[in-house]
Amino acid sequence: MDTASTGAYDGVRTAPRALATEAVHAGRDDLARQGLHAPPIDLSTTYPSYDSRAEAARIDAFATDGAGLAGPPVYARLGNPTVARFETALARLEGTESAVAFASGMAALSAVLLALPTPGSARAGQGPRHVVAVRPLYGCSDHLLTAGLLGTEVTWADPDGIADALRPDTGLVMVESPANPTLAEVDLRAVADACGPVPLLADNTFATPVLQRPAGQGARLVLHSATKYLGGHGDVLAGVVACDEEFAGRLRRIRFATGGVLHPLAGYLLLRGLSTLPVRVRAASANAAELARRLAADPRVARVRYPRLGGAMVAFEVHDDPHEVISRVRLVTPAVSLGSVDTLIQHPASLSHRIVDADDRRGAGVTDRLLRLSVGLEDVDDLWADLDRALGAPRERQGAEALRETVR
Ligand code: PLP
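So, here's what we can say about the structure. Please read these numbers as outputs of a predicted model, since none were measured by experiment. (Residues numbered from 1 in each chain as written. Predicted model: local features only at pLDDT ≥ 70, side-chain atom pairs only at ≥ 80, totals over all residues. Heavy atoms only, no water.)

**Topic: the side chain of Ser177**
Among the structural elements, Ser177 can be located in the loop between β4 (170-176) and α7 (188-195). Overall, the relative accessible area of 2% leaves Ser177 in the buried class. Ignoring any residue separated from it by four or fewer positions in sequence, one finds Ser177 in contact with Ala184, Glu185, Val186, Leu188, Asp203, Asn204, Ala207 and Gln212. (Helix = DSSP H or I, 4+ residues; strand = E, 2+ residues; numbered from the N terminus. Buried < 20%, exposed > 50% of the residue type's maximum accessible area, 1.4 Å probe, protein only. Contact = heavy atoms within 4.5 Å.)

Here is the structure:
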């Protein structure tokens, strides 16, 4: 039986531990005392209680500040013990007080936008909310902001122009670094300084806490599409926001009211995924760095982007038709998404960023010849053999030119 409480898993507080140790122990510290090794999966949607007065008091407390419910769980939309374990673990890895999990990365971003308080108003959810954001963002994040689907208004800015773009009613600044799909990086510390009191949300999906911990650089909110590296096996759709407890309370109340909860099975798979996250990210990054090097030296490749930070994503532009490259891969899977144990390739202008206006997309560096590679754990020579064939007939040697254009 899992005795962890719903809103916040109340495991043993331990001394600071290295990331690799947190990855396999955080969110599980109480298990041995319960005589368990693997975390239990609690699939209950509701929980018995013979004390309605006590339940009323707990729900009142939750409605006030969204604090994790102390004591036994009440109802699955309020919180789930298995999901709470994943939240605890992710917060430990990102170095934040709390984390709040959602049904997808987009549900997590939606909750953040809905939770923004309008300056001057006491409550979240009132009046217009202005967001300053840096392109490129993942295509659907761009779309959510551009279309104003949740009542927000966006100003797109360069990282250097953020301070000038802020308005008295700005509730959020949003960046991705490295960004999807160009792998452009921003100096998170400099951006956080430019934000002043306005919360900075850093989408850390591509870097993961293994390579970068944005909260330590001044980001108040750290977003993940947990669908990607955190899950790591292409079989979980999930999102999570790591943040301070005050903002987490707002997010829990939004989650309770709008219902975008993470399923407990997904919470279990994510917790399991976290335990191998450091090993997976480092091994895939080594493969990616080598593929970036080989692509940069290849005359069929016009330009390669690989982050200064490292990581397992590579973006490159080909001289010939990128659709042909996609059609010729055999070992690599031609599919949108990223962060799985196997290697995926996709054409952002056709898939992940199709929903962004073509001019805006190109203006953000997402050219029509750009391909995005999510490098997995296969043998690097096997991956290269597949890419080499997919790139097509050899061209005149222009490798030196490609190498010069390698970014970062
Ligand atoms: N953020 C980034 C950087 C992404 O790549 C994605 C999805 O590709 C999302 C957010 C949205 O996540 P999800 O697909 O889990 O809703």
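**Observations concerning the site of the ligand**
For the ligand, the full set of nearby residues is Ser104, Gly105, Met106, Tyr138, Glu176, Asn180, Asp203, Thr205, Ser225, Thr227, Lys228 and Ala238. For the ligand, an oxygen atom lies 2.9 Å from a polar atom in the backbone of Gly105. Within the contact set of the ligand, an oxygen atom lies 2.7 Å away from a side-chain nitrogen or oxygen of Lys228. If the ligand stood free it would expose 390 Å²; the protein chains cover 91% of that surface. Grouping the amino acids of the shell around the ligand by side-chain chemistry returns three nonpolar, six polar and three charged. (Near = heavy atom within 4 Å. Polar contact = N/O pair within 3.5 Å; in protein donor to acceptor, adjacent residues only side chain to side chain. Areas by Shrake-Rupley, 256 points an atom, 1.4 Å probe, with all protein chains shown as cover. Nonpolar A, V, L, I, M, F, W, Y, C, P; charged D, E, K, R; others polar.)

**Here we look at the packing of aromatic side chains**
Evaluated as defined, the whole model comprises one aromatic pair. For the ring pair Phe62 and Phe256, a centre distance of 5.5 Å and an interplane angle of 90° mean the geometry is edge-to-face. Taken together, the residues Phe62 in helix α2 (residues 52-65) and Phe256 in helix α9 (residues 245-258) connect sequence positions 194 residues apart. Phe62 gets classed as buried once you look at its relative accessible area, which sits at 4%. Residue classification places Phe256 among the partly exposed residues on the basis of a relative accessible area of 28%. For the cation-ring pair, Arg255 lies above Phe102, with the distance from its terminal atom to the ring centre recorded as 6.0 Å. (Phe/Tyr/Trp six-rings, centres within 6.5 Å; stacked < 30°, edge-to-face > 60°. Lys NZ or Arg CZ within 6 Å of the ring centre and 35° of its normal.)

**A few points about unusual backbone geometry**
The omega torsion across Arg135 and Pro136 is 0°, close enough to zero to call that bond cis. Asn180 connects to Pro181 through a cis peptide bond whose omega is 5°. In this structure, Pro181 sits in the loop between β4 and α7. Within the chain, Leu183 stands out as a residue other than glycine whose phi angle is a positive 70°. Along the chain, Leu183 falls in the loop between β4 and α7. Residue Leu183 is classed as buried on the basis of its relative accessible area, which comes to 1%. Look at Thr208: it is not a glycine, yet its phi comes out positive at around 65°.

**Here's the deal with the pattern of salt bridges**
For the structure shown, the criterion picks out 22 salt bridges. The shortest N-O distance in the salt bridge between Glu22 and Arg92 comes to 3.0 Å. Here the residue Glu22 occupies a position in helix α1 (residues 19-25), and Arg92 occupies one in helix α3 (residues 81-94), the gap between them amounting to 70 residues. Residue classification places Glu22 among the buried residues on the basis of a relative accessible area of 5%. When the shortest N-O distance is used, the salt bridge between Asp386 and Arg389 registers 2.6 Å. (Salt bridge = Lys/Arg side-chain N within 4 Å of Asp/Glu carboxyl O.)

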